[in-house]
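# Observations on chain architecture
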Amino acid sequence: MTFWLTLAGMVAVTFGSRYAGLARRTDLADFWIRFLHFVPITVFAALVTPSLQGDLGESEIRFLAAVVAALAAWRTRQLWVAIVVGMAVFWLLRIPF
Amino acid sequence: MRTARQMASSGGSGLSLGRVFHLTRRERPVAAFFLTDETFGVAATAKERSFAFLMGIELSLFMMWNLATFSGFLLGAAIPDPAKLGVDLIFPLAFVALLVPLIRTRIELMVAVGAGALAFGLQQSLPGGLPILITGIAGSLLGAFLTRGIPGDPTIDAEAAAREVA
C-alpha cells in the first residue's frame, strides 16, 4: 500500500509540475520573460558544479576535465565530443595519482 | 534526491518550454509526461519548435534511457565497480555541453558562473535538490535584473542569433 501511495505522490509531483508549466498560457511581464530565459542557464550550471565534486576525492581533476569539456563543447557544439574529451582528460589525469 | 531536483527544474522547464513551443490542449500532457532535464536541454537549444520535433527528442531519449538502463542492468555484474571508474562524471559533462550553447552574452556567462558557484557552496550545507531550486530562482532573478533596460526579448534575440550562427 505504501508503495502505491508513494508512486501516486511521485506522479503528482513529477508529472504535475511539468504539466502545470507547459499548460500555462503565458502572458507575462517583461521581467519574468527575462527570468525564464535564465532558468535553463542557472539550473544547468547548478546541476554541474555539485556533481563535479565526486565521492573519491578527485574534485580537482574532475573540475579540470569539465573545463576542457566546456571548451570542446564551445568549439564543436557536439554533445558527444564534449563527453568523450572530458572523460579522456579525466582518465589521463588520473594516471599519475 | 532525484525527485526534489526534478521538481525544482521541471516546473521551470515546463514554463520555459511552454513559452516557445505552442502546443494544443491534447499535446500538452503527452509532452509533459516525457519531459526530462535532458530533453529540455536539447529542446531549449533547438531551432525547430513543433510538437512532432519535441516528441522526437523526448521519445528518442526515453528509448535510449531505458535501453541503456537495461543493458547496464545486464552488464553491471561484469564490470568491476562503475563508481571506481568515475563514470558518474558523464552527468555533469553532459550538462556542461548543454549549458555552453546557451551562453551568448557576457551577462549570461556571469550568471552561469555565479550560479555554478552558488550551487556548489549551498550543496555543502543543504540536502538534495534544494541548492538547485534556490540557485535557479536566485540566479534567474539576478539575470532578469541585469538584463533590464535591454530592449526586446532576450530569448528571441538569442534564438535569432543562434539561427544566424547555425
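So, how was this worked out
Residues numbered from 1 in each chain as written. Chains lettered and ligands numbered in written order. Predicted model: local features only at pLDDT ≥ 70, side-chain atom pairs only at ≥ 80, totals over all residues. Heavy atoms only, no water. Contact = heavy atoms within 4.5 Å. Buried area = accessible area lost by both parts, 1.4 Å probe. Salt bridge = Lys/Arg side-chain N within 4 Å of Asp/Glu carboxyl O. Polar contact = N/O pair within 3.5 Å; in protein donor to acceptor, adjacent residues only side chain to side chain. Helix = DSSP H or I, 4+ residues; strand = E, 2+ residues; numbered from the N terminus. Nonpolar A, V, L, I, M, F, W, Y, C, P; charged D, E, K, R; others polar. Buried < 20%, exposed > 50% of the residue type's maximum accessible area, 1.4 Å probe, protein only. Core = buried A, V, L, I, M, F, W, Y, C linked by side-chain atoms within 4.5 Å.

### Points about the interface of chain B and chain A
Counting residues at the interface gives 72 residues for chain B and 53 residues for chain A. When chain B packs against chain A, the two sides together hide about 5,800 Å² of surface, and 74% of this comes from carbon and sulfur. Summed over the shared surface of chain B and chain A, the result is one salt bridge. Across the pair Arg-62 of chain A and Asp-88 of chain B runs a salt bridge, and its minimum N-O distance is 2.9 Å. Counting every contact that joins chain B to chain A gives 14 residue pairs in polar contact (both at pLDDT 80 or more). At the level of secondary structure, the elements contributing two or more residues to the side of chain B that touches chain A comprise helix 1 (2–20), helix 2 (27–33), helix 3 (37–45), helix 5 (82–85), helix 6 (90–99), helix 7 (106–123), helix 8 (130–146) and helix 9 (154–165) of chain B. In terms of residue count, the dominant contributor to the side of chain B that touches chain A is helix 1 of chain B (14 residues). Residue composition of the side of chain B that touches chain A, grouped by class: 40 nonpolar, 23 polar and nine charged.

### A word on the environment of Val-81 of chain A
Residues and elements named next belong to chain A. If you trace the backbone, Val-81 turns up in helix 4 (residues 79–94). According to the relative accessible area criterion, Val-81 is buried, its value standing at 16%. As for Val-81 and Ala-69, which are separated by 12 residues in sequence, their C-alpha atoms are 8.1 Å apart. With near-sequence residues (within four places) excluded, Val-81 lies in contact with Ala-72 and Thr-76.

### Concerning the nonpolar core
Core analysis: the biggest nonpolar cluster contains 50 residues, and Phe-44 of chain A together with Leu-17, Phe-21, Leu-54, Leu-89 and Leu-93 of chain B have the highest contact counts within it. The greatest single-element share of this core, amounting to 12 residues, is contributed by helix 2 (residues 30–52) of chain A. Aside from chain neighbours lying at most four places away, what touches Leu-17 of chain B is Leu-22 of chain A together with Leu-35, Phe-40, Ala-43, Ala-44 and Leu-54 of chain B.

So, to be careful, I would describe these as geometric facts and stop short of saying anything about function.
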